[in-house]
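Below are the chains, spelled out letter by letter.
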Amino acid sequence: MIRLILMLVLALPAVAQPLSVTQREEVVRIIREALVQDPTILRDAIAAMQAAEEAAAEQAAQAALVTHRAALERDPADPVAGNPNGDVTVVVFVDPRCGYCKQLHPSLQELLKRDPKLRLVVKDIPILGPGSVVAARALLAAHAQGKHQALLDAVMALRGEPTEAVLKAEAEKIGLDWARLRRDMDSPAVGERLGANVALAQALGVRGTPAIVIGNALIPGAIGLEELQAAVASARQRG
């Protein structure tokens, strides 16, 4: 009984009525005695609090996905790959210099090949420094010429840094008008799009790249093809 009472006291952030000095001293005495007799009480109480915090964070994440669903999936300014009328939308936040994004990219492309009813939305968020900003601006400028996916494929295949010279070479290989693209990279519209992407990522609690949203699931990090397929199947089943 003492163990149960103690765990409840430790887990509760506050009580309805403040304890008096005498009551507080008595509670502290009970806690100290109980911890001496059974140190695992503290471990269990901490685990319970952590579980409660994780559950609260999960609820907040689910609420954020509902609140921002339109911005995630239906912003007309976003690059879209796959079936534009697909029954399931996958949203991926990527940084063009992120190694894990490069690891994920082939799996996403294979997923699109295998599932003709899938729609992919790419959110470029440059979070790894100035080089990422330059490359992300180039990708969004390429979107204005209908070649975001082609340049993204090229950037994800790079093993070196996506410097402006490298971006120019890759852009010209896939038929982009570099002069136009370079002008568009500095346009207010591109800057605003990047800012909106970063703000959306923050609102959803995205802490790094890649981050994938499929249905009601926010999946951090690079996952394999089978895990992607399972998440899509779950979202499709939910409707």
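K.L.:
Would you mind going over the nonpolar core with me for this structure?
P.N.:
A general trend in soluble globular proteins is that nonpolar side chains are found buried together. Counting 38 residues, the largest nonpolar core has Ile212 and Ile214 as the members making the most contacts within it. Beyond its immediate chain neighbours, meaning those up to four positions away, Ile214 contacts Val88, Thr89, Val90, Ile219, Leu228, Ala231, Val232 and Ala235. Leu65, Ile125, Leu204 and Ala211 belong to the second-largest nonpolar core, a separate cluster that totals 13 residues.

K.L.:
What is the right way to look at the sheet that holds strand β2 (residues 88–94) in this model?
P.N.:
Strands pair in a sheet through their backbones, by hydrogen bonds, and they do so in one of two ways: parallel or antiparallel. The mixed open sheet is built from five strands, whose spatial order is β1-β3-β2-β4-β5. Bordering the open sheet on either side are β1 (80–82) and β5 (217–220), each of which pairs with just one other strand. With direction set aside, neighbouring strand axes in the sheet form an average angle of 20 degrees. Of the strands in this sheet, β1, β2, β3 (118–124) and β4 (211–214) touch helix α5 (residues 99–114), which is tilted by about 155 degrees from β3. Across the face of the sheet, helix α11 (residues 225–238) comes into contact with β2, β3, β4 and β5 while running at roughly 30 degrees to β4.

K.L.:
Looking at this model, I keep getting lost on the pattern of salt bridges. Mind explaining?
P.N.:
Opposite charge on two side chains makes pairing possible when the charged atoms of those side chains draw close. In the structure shown here, the tally under the stated rule is 14 salt bridges. Close ionic contact of Arg97 with Glu161 constitutes a salt bridge, the shortest N to O distance being 2.8 Å. Here Arg97, found in the loop between β2 and α5, pairs with Glu161, found in the loop between α7 (148–157) and α8 (164–173); they are 64 residues apart in sequence, far enough to count as distant. A salt bridge links Asp186 to Arg182, with the shortest nitrogen-to-oxygen separation between them at 3.1 Å. The class for Asp186 is exposed, based on a relative accessible area of 52%.

K.L.:
Looking at this structure, how should I read unusual backbone geometry?
P.N.:
Trans is the common state for peptide bonds, and a negative phi is the common state for residues other than glycine. Looking along the chain, the bond that leaves Thr209 and enters Pro210 is cis, with omega of -5 degrees. Summarising the element assignment, Pro210 is placed in the loop between α10 (188–204) and β4.

K.L.:
Just to check I follow, could you spell out the environment of Leu225 for this structure?
P.N.:
Mapped onto the elements of the fold, Leu225 is located in helix α11. The spacing of Leu225 and Leu104 is 121 residues in sequence and 8.7 Å in space, taken between C-alpha atoms. For Leu225, the contacting residues outside a window of four places in its chain are Ser107, Glu110, Leu111 and Arg114.

K.L.:
What should I look at first to understand α8 in this one?
P.N.:
Since one α-helical turn is 3.6 residues long, residues separated by three or four positions face the same way. Listing the buried residues of α8 in full gives Leu167, Glu170 and Ala171. Projected down its long axis, α8 carries its buried residues within an arc of 100 degrees, all on one side. Projecting away from the buried face of α8 at angles above 90 degrees are the exposed residues Ala165 and Lys173. After α8 finishes, the residue Gly175 shows a positive phi value of roughly 85 degrees.

K.L.:
It is not clear to me how the side chain of Glu170 should be interpreted in this structure. Could you clarify?
P.N.:
In this structure, Glu170 sits in helix α8. Beyond its immediate chain neighbours, meaning those up to four positions away, Glu170 contacts Leu151, Ala154 and Leu158.

Conventions adopted
Residues numbered from 1 in each chain as written. Predicted model: local features only at pLDDT ≥ 70, side-chain atom pairs only at ≥ 80, totals over all residues. Heavy atoms only, no water. Core = buried A, V, L, I, M, F, W, Y, C linked by side-chain atoms within 4.5 Å. Buried < 20%, exposed > 50% of the residue type's maximum accessible area, 1.4 Å probe, protein only. Contact = heavy atoms within 4.5 Å. Pairing = 2+ DSSP bridges. Helix = DSSP H or I, 4+ residues; strand = E, 2+ residues; numbered from the N terminus. Axes fitted to C-alpha atoms, helices over the stretch in contact; angles between N-to-C directions. Salt bridge = Lys/Arg side-chain N within 4 Å of Asp/Glu carboxyl O. Arc of directions from axis to C-beta.

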